[in-house]
Structures are given as structure tokens and as C-alpha cells.
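Okay, here's what each chain looks like letter by letter:
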Amino acid sequence: MDFQLTEEHLMIQKAARDFAVTELLPGVIERDEHQKFPTEQIKKLGELGFLGMMVSPKYGGAGLDAISYVLAMEEISKIDASASVVMSVNNSLVCWGLETFGTEEQKQKYLVPLASGQIIGAFMLSEPEAGSDATSQRTIAEDKGDHYLLNGTKNWITNGNSASVYLVMAQTHPEKGSKGINALIVEKEMPGITIGAKENKLGIRGSDTHSVMFQDVKVPKENRIGEDGFGFKFAMKTLAGGRIGIASQALGIASGAYELALKYSKERKAFGKEIAQHQAIQFKLADMATRIEGARLLCLKAAWDKDQHQDYTLSSSMAKVFASETAMWVTTEAVQVHGGYGYVKEYHVERLMRDAKITQIYEGTSEVQRIVISRSILS
Ligand code: CAA
């Protein structure tokens with residue numbers, strides 16, 4: 001067993017760290033405050049290859065492994081989780097799904113611009129009444145011979161307004177339940193699409209989360225991914241990889257908060273010495289570092305499973321549940337270490353604490369991860 005990162009891994013980690021510090025840190029507080037999407041920064045991330053990291057160069061991607069993706073996600077998320085969720089959705093949910101299950105025509109038409117960062121994508125599974133219970137799709141894709149007629153509403157859609165291409169799950173054969181669902185590639189410009197107001201969120205406020213309504217949207221048959229009825233399995237398989245991305249985002253939020261707390265504890269003095277010299281703070285730092293290392297190892301293990309073409313359903317859910325709970329705990333402790341300063345925006349840790357919460361909710365709540373884990377260990 002080798003825990004050593006390769007030269008290439010270290011280079012990617014450094015490139016992501018440099019980008020985060022030089023391009024994302026300036027303005028991150030203002031973007032959060034004003035819910036401003038990081039348009040320029042996402043464009044640059046795309047130009048550097050961070051939006052199609054694992055896609056083959058044949059389709060405009062960087063051709064890297066999942067370990068590299070975890071490393072980059074951690075570094076970007078330390079500074080700006082609003083940018084890293086865009087990166088995660090585009091890489092794991094949209095590009096991976098298209099590259100793995102799309103036809104050659106679909107890849108040429110949609111994957112190439114998505115992987116090279118010319119456009120970004122969105123993944124549409126959640127509905128007003130279908131969150132964790134994802135089989136209960138109310139959005140209908142009626143089979144009309146050469147096309148599907150799409151009607152319904154999707155909720156909580158990351159990149160809901162900024163995406164040009166959507167992967168939409170919709171029910172075609174309600175009598176077949178989860179086996180009647182299809183995954184369709186939908187273009188934002190297709191007639192009949194309305195984008196709802198931007199959600200005013202607790203965290204990841206720079207990302208754009210919207211509901212999206214479809215009314216009689218004609219989607220050509222050739223835009224279906226896989227066989228008729230493959231949509232639910234497509235979504236589940238894709239989400240397993242998405243969970244590696246969100247676990248790594250949670251890891252980055254936790255390690256970003258920890259680094260700030262560590263630095264602050266060596267600067268701030270109380271009772272005649274640096275607060276890092278007080279055991280009450282030392283124990284907090286020790287626990288933060290230990291939990292973060294556990295989360296990092298789980299993220300890298302899930303990525304390694306993926307790179308080895310082994311099943312990563314279990315390891316990605318374990319990584320996500322542990323890393324997201326670590327992020328919530330570590331960021332709360334980081335605010336505590338900062339005292340009153342932690343409660344104001346200038347010190348960044350309150351934002352990281354707000355951002356951490358979503359990692360326990362999206363791409364499967366902590367409860368859903370426990371369902372996936374328990375099913376796997378009991379089967
Ligand atoms: N991989 C492959 N197939 C899978 C699977 C997986 N991980 N999980 C389930 N399936 C298959 C099952 O094998 C079954 O097929 P068969 O009948 O052929 O055996 C079929 O799918 C139906 O499975 P279940 O009956 O087990 O489905 P369920 O309704 O009980 O679902 C669940 C289980 C784990 C709770 C699932 O619904 C789930 O993961 N829900 C959460 C959904 C989610 O993560 N939503 C997030 C939305 S996306 C998002 O947040 C993106 C963003 O913008 C950031």
C-alpha cells in the first residue's frame with residue numbers, strides 16, 4: 001500500500017491551490033454576501049481543465065484520475081465552495097454520465113464543450129416532491145415517437161440558470177416505477193423552459209440554485225441516455241461519483257476552516273500566551289486534524305476504487321457521510337476557536353460553517369448515505 005502522491009498529483013494540487021488563492025479568494029466574501037455567481041472564475045477554471053478533469057482528451061477533457069479530482073476539489077473548496085460545487089456537478093454528474101453512457105454523437109455534441117469548459121451543465125433529479133425518494137418522479141417524458149414531450153418541475157438545481165445543457169430524469173412509464181424513468185439531454189434554449197427565481201440560501205450563496213419548469217418541451221429521441229427506462233440507474237450510478245466530489249468539497253471546507261483556526265490560534269493571545277498554548281485549544285486542533293485526516297483517507301479510498309474500476313457505491317457514501325459531518329463539526333469548532341471574530345464575515349470561518357451544512361444535504365442526505373451503506377453491508 002502506497003500513501004505517496006505522485007509528482008503529477010502534487011502538481012495538480014498546487015495548481016488548484018494557486019488558483020484558489022489568486023483567483024477565488026479575492027471577492028469571495030462579496031460574492032457570498034451578494035449571491036454573485038463566479039462567472040469569470042468558472043470560465044478560467046474551465047480553461048485550466050478543471051471542469052472536465054477525468055474526461056478523456058479525445059472529448060476535450062484533462063484525462064486525469066479521480067485522485068487528482070479529490071485533490072483539486074479539496075483545494076478549491078478550502079477557499080470557495082460556491083465555485084467547487086459548479087466544478088463537482090460538471091465533472092461528476094454531467095461529464096462522467098455523458099462519457100460513460102452517452103452515444104458517440106452525444107459526446108461530440110455535448111461532452112466536448114462541457115469538458116473543455118466552454119459551457120457548463122446541470123443534473124436534474126430532485127423535484128418538489130422527490131428528494132431522497134428519487135423514484136417518485138412527477139416530471140413526465142411522454143413518448144411521441146421521434147421525440148419526448150417533457151412536462152414538470154425540477155427543484156434545487158445547481159447551475160440552474162448558468163448551465164446550457166441539462167441532464168433531466170423524467171418518468172415515461174409510470175406503471176414501471178423506477179424502471180420507467182428516462183435520462184434526457186435537454187438544451188436550455190429549447191422552447192418551453194422557464195427558470196425560477198434564484199434560491200436565497202444559507203450557504204454556497206455564490207452558486208446559482210433554481211427550480212426549472214418544463215412545459216411541452218420537445219426533446220429528440222436521440223437525446224435519451226441509454227436504453228428506454230435506464231434513467232434511474234443512470235442517476236444512481238452517476239450520483240455515486242458525485243458523492244466523491246461532494247465528499248471532497250466537504251473535506252476542503254473542513255481543512256480550510258482548520259487551517260484558519262490553526263493560524264489564528266498562533267496569533268491570538270489570551271491569559272498572557274498564544275491561545276494555541278492552552279490545552280483547551282490544543283485538544284480542539286488535535287480533534288479537527290484527526291477527523292480531517294480520516295475524511296481525506298475515505299475520499300482518496302473512494303477515488304482509488306473508482307480509478308481501479310471497482311465498485312465505489314459503498315466507499316463514496318462512506319466518504320460523503322463522514323466528510324460532511326466532519327465539515328460541520330470542524331467549521332463550528334473553527335468559529336469557536338476564533339471567538340467573536342469567528343462570528344463576523346472578514347474571518348471566513350462563519351461562511352465555511354454555513355457552506356458545510358449543504359454537504360450533509362445535497363447529492364443524498366446523510367440519511368440516504370446511511371441507507372446506501374447499510375444496504376451494502378447487509379446484502
Ligand atoms: N447503483 C446502481 N443501481 C442502483 C443504485 C446504485 N447506487 N441504487 C439503486 N439502484 C437500482 C436498484 O438496484 C434497483 O434496480 P433493480 O430493481 O433492477 O434491482 C433500482 O435502482 C431501484 O432501487 P431501489 O428500489 O433501491 O430505490 P430506492 O427508491 O429505494 O432508492 C435511494 C434508494 C438510495 C434512497 C435513492 O433513491 C437515492 O440515492 N436517493 C437520493 C437521491 C439524491 O442523491 N438526490 C440528490 C439530487 S442531485 C443533486 O443534489 C445535485 C446537485 O445539484 C448538487
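Residues numbered from 1 in each chain as written. Predicted model: local features only at pLDDT ≥ 70, side-chain atom pairs only at ≥ 80, totals over all residues. Heavy atoms only, no water.

The test is simple: UniProt positions are given in the numbering used here, feature names are shortened, and annotations may be inferred rather than shown by experiment.
Under an unreviewed UniProt entry, the name given to the protein is Cyclohex-1-ene-1-carbonyl-CoA dehydrogenase, and the organism recorded is Chitinophaga ginsengisegetis. Note on the protein: under the UniProt heading Sequence similarities (unreviewed entry), the record states "Belongs to the acyl-CoA dehydrogenase family." The protein has a UniProt comment under Cofactor (unreviewed entry) that states "FAD".

So, the overall build of the protein
Stated precisely, the cut-off is as follows: Secondary structure is summarised from DSSP: a helix means a run of H or I of at least four residues, a strand means a run of E of at least two, and numbering begins at the N terminus for each. Only C-alpha atoms enter the radius of gyration, while the globule expectation follows 2.2 Å times N to the 0.38, with N the number of residues. Relative accessibility thresholds used throughout: buried, under 20% of the residue-type maximum; exposed, over 50%; partly exposed, between the two (1.4 Å probe, protein chains only). Computed with the Shrake-Rupley method and a 1.4 Å probe, the accessible areas treat only the protein chains shown as cover for residues.
Across its full length, the protein carries 11 helices and 10 strands. Its C-alpha atoms give the protein a radius of gyration of 21 Å, within 12% of the compact-globule value 21 Å for 379 residues. In terms of overall dimensions, the protein has a C-alpha envelope of 80 × 45 × 40 Å along the principal axes. A burial count over the protein gives 56% of its 379 residues as buried. Surface accessibility of the protein: about 16,500 Å² in total, with carbon and sulfur atoms responsible for 55%.

As for the domain arrangement of the protein
Filter applied, for reference: The split into domains, and so the bounds of each, comes from an automatic or database assignment of domains. In this analysis, two residues are considered to be in contact whenever any of their non-hydrogen atoms come within 4.5 Å of each other. The buried area of a pairing is the accessible area, by a 1.4 Å probe, that goes missing from both parts when the two are put together, added over both. By salt bridge we mean one thing: a side-chain nitrogen of Lys or Arg within 4 Å of a carboxyl oxygen of Asp or Glu. As used in this structure description, the phrase polar contact means that two N or O atoms lie within 3.5 Å; if the pair is within protein, one of them must be able to donate a hydrogen and the other to accept it, and residues adjacent in sequence are counted only when both atoms belong to side chains.
Domain assignment breaks the protein into domain 1 (7-120), domain 2 (122-231) and domain 3 (232-378). Relative placement of domain 1 and domain 2: their C-alpha centres are 22 Å apart. Each side of the interface is counted separately: domain 1 has 23 residues, and domain 2 has 26 residues. Looking only at domain 1, the three residues that lose the most surface to domain 2 are Gln-35, Tyr-110 and Ile-120, adding up to 30% of its buried area. Scanning the region where domain 1 abuts domain 2 turns up 1 salt bridge. Counting across the interface, domain 1 meets domain 2 through 12 residue pairs in polar contact (both at pLDDT 80 or more). Sorting elements by how many residues they give to the side of domain 1 that touches domain 2 places helix H5 (residues 81-101) first, with 9 residues.

Let's talk about helix H10 (residues 349-358)
Among the 10 residues that make up H10, 7 are buried, leaving the element largely enclosed by the rest of the structure. Taken residue by residue, H10 has Val-349, Glu-350, Arg-351, Leu-352, Arg-354, Asp-355 and Ala-356 as its buried positions. Buried positions along H10 lie against helix H2 (28-34), helix H4 (66-79), H5, helix H7 (231-267) and helix H9 (313-338).

So, unusual backbone geometry
Positioned with a positive phi, Gln-35 is a non-glycine residue whose angle comes to about 55 degrees. Topologically, Gln-35 is positioned in the loop between H2 and helix H3 (39-47).

Here's the deal with a nonpolar patch on the surface
Under the convention used in this document: Patch members must show over 30% relative accessible area and no salt bridge, and they are joined within 9 Å when carrying like charges or within 5 Å when they are nonpolar side chains of Val, Leu, Ile, Met, Phe, Trp or Tyr.
A cluster of nonpolar residues, Met-1, Phe-3 and Leu-297, forms a patch on the protein surface that exposes about 450 Å² of accessible area. Mapped onto the elements of the fold, Leu-297 is located in helix H8 (residues 279-307).

Quick notes on empty space enclosed by the protein
For the record, the criterion: Using only the protein atoms, space was sampled on a 1 Å grid; points where a 1.4 Å probe fits but cannot get out form cavities, open sets with protein on both sides within 12 Å along at least five of seven lines form pockets, and lining residues are those with an atom within 4 Å of a point. Grid points are joined across faces, edges and corners, and a volume is the space filled by probe spheres set on the points. Under this grouping Gly is polar, as are all residues other than the nonpolar Ala, Val, Leu, Ile, Met, Phe, Trp, Tyr, Cys and Pro and the charged Asp, Glu, Lys and Arg.
With the rule as written, the count across this model stands at 3 cavities of 30 Å³ or more. Put simply, the largest cavity is a space of about 50 Å³. The wall of the largest cavity is formed by Val-28, Arg-31, Asp-32, Asp-80, Ser-82, Arg-205, Gly-206, Arg-351 and Asp-355. At the level of elements, H2 and H10 are the ones that each hand at least two residues to the lining of the largest cavity. When residues of the lining of the largest cavity are assigned to their parent elements, the largest contribution, 3 residues, is made by H2. Across the lining of the largest cavity, the residue classes tally to 1 nonpolar, 2 polar and 6 charged.

Quick notes on the pairing of strand S5 (residues 181-187)
Selection rule: Should DSSP find at least two bridges between two strands, the strands are regarded as paired.
Taking burial as the measure, the 7 residues of S5 include 6 buried ones, the bulk of the element. As paired strands, strand S4 (residues 165-171) and S5 are joined by 7 bridges and run antiparallel to one another. For Tyr-166, the partnering residue across the bridge sits in S5 and is Val-186. Bridge count between S5 and strand S8 (residues 224-225): 2 bridges; the pairing is antiparallel. Note on S8: the bridge partner recorded for Ala-183 is Ile-225.

Brief notes about the pairing of S4
For S4, a buried count of 7 out of 7 residues is recorded, marking the element as mostly surrounded by other parts of the structure. Of the two faces of S4, the one carrying Val-165, Leu-167, Met-169 and Gln-171 and the one carrying Tyr-166, Val-168 and Ala-170 are both buried. Note: strand S1 (residues 121-124) against S4, 4 bridges, orientation parallel. Paired with Gly-121 across the strands is Val-165, a residue of S4.

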